[in-house]
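Coordinate inspection notes
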Amino acid sequence: MATSARVKFCEGLFLTLRIIVDWLIDFFFGFIYNDKKNLQLPGTTDQVLLKSATSLAKEIREKKISCETVIRAHINRIKQVNQFLNAVVDERYVDAIEEARAVNKFLAETDQTTDEIEYSKPFLGVPFTSKESTQAKGMAFTCGLVARKGMTGKEDAIVIQRLKNSGAILIAVTNMPELNLWCEARNNVYGQTNNPYNFTRTAGGSCGGECSIISACGSPMGIGTDIGGSTRMPAYYCGVFGHKPTTGLMPINGFPFYTGDELDTMVTFGTFSRTAKDIIPFLKVIMAENIKLLKLDTKVNLQDVKFYYCLEPKDLRVSPVSTEVKSAILKAADHLKTTSKYDLNEISFNEFRHSLSLWRHEMTKEDGLARNFSKDLTNQKGKVSLCAEFAKTLICQSDHTLASLMRIVDVEVLPLTNPSWAESEINTLKKRVSELLGENGVLLFPNCPTEAPYHYVSLLKPYNFAYWAIMNVLKLPATQVPLGLTKNGLPIGVQVVAGLKNDHLCIAVAEELERKFGGWVPPFYQ
């Protein structure tokens, strides 16, 4: 048998075994959780809670609705649903109501026009949330670490301050995994966040709390971060829009162990919203002066956009892409084909087969979140002992989640990716993708192989985040776009990717797909 034939045979055998094992895992957890007993999230008919951030801002500055009414409605909604979701972990409701009253007073007394207010404070009076690990003054700032329990933020991260300067009002902070590095929002300080569509399923990580509460209508907008899919993953699992901007265009201060001056990093802040139309106004606020490096005000004619799609990147450590995910991508691709004068093309780059390995290599360059992970878990007061913590885990006495211990194994025990090979593969992939997309190309790419998995399943499928992570390696803009629900009633979507600094193309496509397919679907009966 020829070498290539043997390789294909082995790959086929491995994939067959993988499909069988994945099915057994899902069957077992499905039996344990029994979806038929899943509770339904309480519904709402309050139109204030269903509006977009930009719509609320417009109605507030035009005095069609009181800012205090808006803030109180969202606070009451959080109180109603958080008992089911465990998404919000700290709040500033009293201060937020006082700030809302100040907005009402300002609007009653100002002689500024609504256009002038929109220009200076585009989100005046609009509530927002942010995950707990992004520093906000006076709010919990543990990053999910028992060693930091009780710590609060001394100042606002720059992105938080920029949103406040736009007139937005912070009402709460939300849950995430320890140090943000896992695909479930769970830690030993606050516990586990649930998916608003099905409480037995994960809300994703690291911004699982954010997306869970936004999808449940407890907040119209939120700030995310992204180093390996942390914006797009929970947005996908919770059925909202998550945009990861072109990397390197905004300061990243506000995390423990990051200075904010890191130059070679995959980390960037991102946006969450229930509609694509909120993304550009949101980006304009948090990017500040660097917004001029993008083309967000450029009108996009989809007729002039070249569309490509990939159904199966074929990383063997990632579960095979499900039929439902492929169908969603094809549904989006088929529609976009009708909007463009160019042919639609399927692509398959060999380098995508190494998505996980390439991301692991890039993580070795991350001073703030990767090189000293076992030390950072102790708030840099010591170093986690793997053997001791695994033993404590068996009797439920560890300060750390099993996911964090697995991360230490990945960083300190498993062999590193060959750096020279990885750099070569990354450079090749960057060149190929850059040449493919150019200034008018958009790639439709899988978010994840499946719908949101059951809680804890990710421990047995730890690499299924790789198709988000590879876009961090490439530092490209990418938008998670919801495309309805699966047969199990869980969100499904597509990752829309464009060339560097072509965020406007991602967002234009997101708006078109939302117009055609409806976008966010409420996780409750209205």
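1. Comments concerning the pairing of strand β14 (residues 478–485)
Most of β14 is tucked away, with 7 of its 8 residues classed as buried. Hairpin connection of β14 to strand β15 (residues 491–498): 5 residues between the antiparallel strands, including G489 at a positive phi of 80 degrees.

2. Considerations on the packing of aromatic side chains
On inspection of all chains with the given rule, the structure shows 15 aromatic pairs. Ring centres 5.8 Å apart and planes at 20 degrees place the aromatic pair F84 and F199 in the stacked group. Remark: F199 occurs in strand β7 (residues 198–202) and F84 occurs in helix α4 (residues 67–85); sequence separation between them is 115 residues. The exposure class of F199 is buried, given its relative accessible area of 10%. Ring centres 5.9 Å apart and planes at 65 degrees place the aromatic pair F255 and Y258 in the edge-to-face group.

3. Quick notes on the sheet that holds strand β11 (residues 306–309)
Taken together, 11 strands build an open sheet; the order of strands is β1-β3-β2-β8-β10-β9-β14-β15-β13-β11-β12 and the sheet is mixed. Strands with a single pairing partner mark the edges of an open sheet, and in this sheet they are β1 (88–91) and β12 (345–346). Two strands pair when backbone bridges link them, and strand β2 (residues 127–131) and strand β3 (residues 169–174) are joined in this way by 5 bridges, in the parallel orientation. Each bridged residue has a counterpart across the sheet, and for S130 the counterpart in β3 is V173. In the packing of helix α16 (residues 419–437) onto the sheet, contacts are made with β11, β13 (441–445) and β15, and the angle to β13 comes to roughly 120 degrees.

4. Side note on the environment of E289
The topology assignment puts E289 in the loop between α10 (279–287) and β11. The exposure class assigned to E289 is partly exposed, which follows from its relative accessible area of 49%. Residues E289 and N195, 94 residues apart in the sequence, show an inter-C-alpha distance of 36 Å.

5. A closer look at the packing of α4 against helix α5 (residues 93–109)
The geometry of α4 relative to α5 is characterised by a closest axis approach of 7 Å and an angle of 160 degrees between their N-to-C directions. In terms of axis orientation, α4 runs roughly antiparallel to α5. Along this stretch, α4 crosses α5, giving a crossing that reads as right-handed. Note on element contacts: α5 touches α4 through Y93, A96, I97, A100, R101, V103 and N104, opposite C67, E68, I71, R72, I75, I78 and K79. A per-class count over the contact of α4 with α5 returns 9 nonpolar, 1 polar and 4 charged.

6. Overview of the pairing of β11
Pairing of β11 with β13, which is carried by 4 bridges, proceeds in the parallel orientation. The residue bridging Y308 from the neighbouring strand is L443, located in β13. Note: β11 against β12, 2 bridges, orientation parallel. Paired with Y309 across the strands is E346, a residue of β12. Crossover β11 to β12 through helix α11 (residues 323–337) is right-handed.

Calculation criteria
- Residues numbered from 1 in each chain as written.
- Predicted model: local features only at pLDDT ≥ 70, side-chain atom pairs only at ≥ 80, totals over all residues.
- Heavy atoms only, no water.
- Buried < 20%, exposed > 50% of the residue type's maximum accessible area, 1.4 Å probe, protein only.
- Helix = DSSP H or I, 4+ residues; strand = E, 2+ residues; numbered from the N terminus.
- Pairing = 2+ DSSP bridges.
- Phe/Tyr/Trp six-rings, centres within 6.5 Å; stacked < 30°, edge-to-face > 60°.
- Contact = heavy atoms within 4.5 Å.
- Axes fitted to C-alpha atoms, helices over the stretch in contact; angles between N-to-C directions.
- Parallel < 35°, antiparallel > 145°, perpendicular 65-115°, else oblique.
- Left-handed = near helix turned anticlockwise from the far one by under 90°.
- Nonpolar A, V, L, I, M, F, W, Y, C, P; charged D, E, K, R; others polar.
- Right-handed = clockwise from strand over helix to strand, strands pointing away.

Shape descriptors only; they carry no functional weight alone.
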